[in-house]
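The lines below spell out each chain.
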Amino acid sequence: VDFTGVIDASPIVRKAIDYAITITDVSGTDNSASKSVTINMGRGFIHIASTVLVPRNVVITSDGVTIVSNSNAPIFESAYMLNSVLTSNFQLSDADAITNRLVGTRFEDLTFYRCTKAINMRAFNEQCGLARLRFYQCGTAYAVYQAFYSSYKDMIIRQAKSGFDNLPAVVYGRASNRISTDEIY
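Here's a quick rundown of the structure.

Thresholds applied
Residues numbered from 1 in each chain as written. Predicted model: local features only at pLDDT ≥ 70, side-chain atom pairs only at ≥ 80, totals over all residues. Heavy atoms only, no water. Helix = DSSP H or I, 4+ residues; strand = E, 2+ residues; numbered from the N terminus. Buried < 20%, exposed > 50% of the residue type's maximum accessible area, 1.4 Å probe, protein only. Phe/Tyr/Trp six-rings, centres within 6.5 Å; stacked < 30°, edge-to-face > 60°. Salt bridge = Lys/Arg side-chain N within 4 Å of Asp/Glu carboxyl O. Polar contact = N/O pair within 3.5 Å; in protein donor to acceptor, adjacent residues only side chain to side chain. Core = buried A, V, L, I, M, F, W, Y, C linked by side-chain atoms within 4.5 Å. Contact = heavy atoms within 4.5 Å.

1. Digging into the environment of Ile39
Here Ile39 is to be found in strand E2 (residues 37-40). Taking the C-alpha atoms as reference points, Ile39 and Val13, separated by 26 residues in sequence, lie 8.6 Å from one another.

Here it is as structure tokens:
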């Protein structure tokens, strides 16, 4: 991985998630987070040029990484397995999104810089969460839809990305309830 933020790290992050899929249940049959796999992105600057799909039971964390992007697409987006292929869950019906909901997916200890939309999650549910995240000069820091029983803690959001100051800093979309928020500045 290039920790200077120059070379696109999207393919390497995808490979780490592909490996995680082989050692945890991402199929939607086990609704516990006890089998979550943690992917540590290290420290330094990482450039993500295209959306990385994240399934259930995957935890993305770091030792101080800053993720930068010049893409208008989300950096991370929720996904499920469709015929053994990781696929965004945003095209699913509401009922199918809940059936294939994320469980145990978390993002922790990350900094995002100049991202149009850092995190885009749908059916981000039991034991899912965002913690200790920092967003600087981003459009929308995170958006969650149909989120139940998820938590959002210790986040700092500062200054909108140039040209994207009309976007909301955070979105708790329709049918989001029973969520826990604490220390979001």
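2. A short note on unusual backbone geometry
Positive phi values are uncommon outside glycine, yet Asn83 reaches one of about 50°. Turning to its location among the elements, Asn83 is positioned in the loop between strand E7 (74-82) and strand E8 (85-88). When its relative accessible area of 69% is taken as the criterion, Asn83 is described as exposed.

3. Here we look at the packing of aromatic side chains
Using the criterion set out here, one finds nine aromatic pairs in the structure. Each ring, one from Phe112 and one from Phe135, has its centre 5.2 Å from the other, and the planes form 5°; the classification is stacked. With Phe112 in strand E9 (residues 106-113) and Phe135 in strand E11 (residues 129-138), the pair connects residues that are 23 residues apart, well separated along the chain. Phe135 carries the same exposure label as Phe112, and that label is buried. A ring pair is formed by Phe124 and Tyr152, whose centres lie 6.3 Å apart and whose planes are at 45°; its orientation type is tilted.

4. Focus on the pattern of salt bridges
For the coordinates displayed, the defined rule picks out seven salt bridges. A salt bridge links Asp94 to Arg122; the nearest nitrogen and oxygen atoms lie 2.8 Å apart. One end of the pair, Asp94, is in helix H2 (residues 94-99); the other, Arg122, is in strand E10 (residues 117-122), with 28 residues separating them in the sequence. Under the relative-accessibility criterion, Arg122 is labelled buried at 5%. Between Arg174 and Asp94 there is a salt bridge; the shortest N-O distance is 2.6 Å. Taken together, the residues span a long stretch of sequence, with Arg174 in the loop between strand E14 (170-172) and strand E15 (180-184) and Asp94 in helix H2 at a distance of 80 residues. The class for Asp94 is partly exposed, based on a relative accessible area of 34%. Residues joined by salt bridges that share partners form a network here, namely Arg106, Glu108, Asp109 and Arg132.

5. Observations regarding the side chain of Ser69
For Ser69, the position within the fold is in the loop between strand E6 (65-68) and E7. A relative accessible area of 7% places Ser69 in the buried class. Here Ile48 takes part through its backbone oxygen, which lies 2.8 Å from a polar atom of the side chain of Ser69. Engagement of the side chain of Ser69 in a polar contact is seen with the backbone nitrogen of Ser71, the distance being 3.1 Å.

6. Structural notes on the nonpolar core
Ranked by size, the top nonpolar core spans 40 residues in total, and within it Phe76, Phe107, Phe112, Ile119 and Phe124 carry the most contacts. Aside from chain neighbours lying at most four places away, what touches Ile119 is Phe76, Phe107, Phe112, Leu130, Leu133, Ala141, Tyr142 and Ala143.

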